[in-house]
Amino acid sequence: MSIPALIPRYDGGPTIACLAFRTAAGHGALVGHGDFHLPRVRMRLLHCPVFDNGQARWVGLPAAPQLDAERRARTGSDGKIIFRPTIEFDDPHLGSAFSDAAIEALVRYQPDVFDGGRR
């Protein structure tokens with residue numbers, strides 16, 4: 001059976017739903033992490049970082065810390081952990097569309113998510 005045959009038709013409802021959200025106060029633009037469901041492809045994206053820098057809001061895809069030879073998290077010159085992508089869209093416009101839809105889904109899930117004085 002081919003992959004398209006395994007993915008059922010999807011004829012309604014939101015393209016992305018937020019399943020859970022955990023705040024991460026005090027980490028710069030990072031607001032927290034959300035779990036999202038993409039029902040059309042029957043996929044869950046877990047621990048997606050959610051950001052708000054006062055100018056824009058966006059959701060990133062899950063990432064993993066880069067590790068050194070001793071398996072410790074690598075840090076940049078600013079002392080912050082360096083992350084590497086674990087999944088990515090093959091078109092940057094899809095990534096932006098995902099982020100926009102994920103922000104909408106998050107606000108439907110938790111309407112006051114950005115009311116913590118961040119904006």
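To be clear, the structure that these remarks concern was listed above.
These figures come from a predicted structure and were not determined experimentally.

Caption draft 1: Geometry of a nonpolar patch on the surface. Taken together, the side chains of Val41, Met43 and Ile87 define a hydrophobic patch exposed on the protein surface, amounting to about 210 Å² of accessible area. Position of Val41 among the secondary structure elements: in the loop between strand S2 (30-38) and strand S3 (43-52). Residue Val41 is classed as partly exposed on the basis of its relative accessible area, which comes to 39%.

Caption draft 2: Fine view of unusual backbone geometry. Notably, Arg42 is not glycine yet its phi reads approximately 50 degrees, a positive angle. Phi is positive for Arg71, which is not a glycine, with a value near 65 degrees. Residue class for Arg71 comes out exposed when judged on its relative accessible area of 65%.

Caption draft 3: Quick peek at the pairing of S2. Most of S2 sits inside the fold, with eight of its nine residues counted as buried. Of the pairings in the sheet, the one linking strand S1 (residues 17-27) to S2 comprises seven bridges and is antiparallel in character. Bridged to Phe21 within S2 is Gly34. Once S2 ends, the chain turns through four residues before running back antiparallel as S3, passing Arg42 with a positive phi of about 50 degrees.

Caption draft 4: Molecular detail of the sheet that holds S1. In space, the four strands of this open sheet follow the order S1-S2-S3-S4, with antiparallel pairing throughout. The two strands at the open ends of the sheet, each matched to only one other strand, are S1 and strand S4 (57-59). In this sheet, neighbouring strand axes are inclined to one another by 20 degrees on average, regardless of whether the strands run parallel or antiparallel. Direction of pairing for S3 relative to S4: antiparallel, over a ladder of three bridges. Its bridge partner lying in S4, Phe51 is registered against Trp58.

Criteria and thresholds
Residues numbered from 1 in each chain as written. Predicted model: local features only at pLDDT ≥ 70, side-chain atom pairs only at ≥ 80, totals over all residues. Heavy atoms only, no water. Patch = residues over 30% accessible without salt bridge, like charges linked within 9 Å, V, L, I, M, F, W, Y side chains within 5 Å. Areas by Shrake-Rupley, 256 points an atom, 1.4 Å probe, with all protein chains shown as cover. Salt bridge = Lys/Arg side-chain N within 4 Å of Asp/Glu carboxyl O. Helix = DSSP H or I, 4+ residues; strand = E, 2+ residues; numbered from the N terminus. Buried < 20%, exposed > 50% of the residue type's maximum accessible area, 1.4 Å probe, protein only. Pairing = 2+ DSSP bridges. Axes fitted to C-alpha atoms, helices over the stretch in contact; angles between N-to-C directions.

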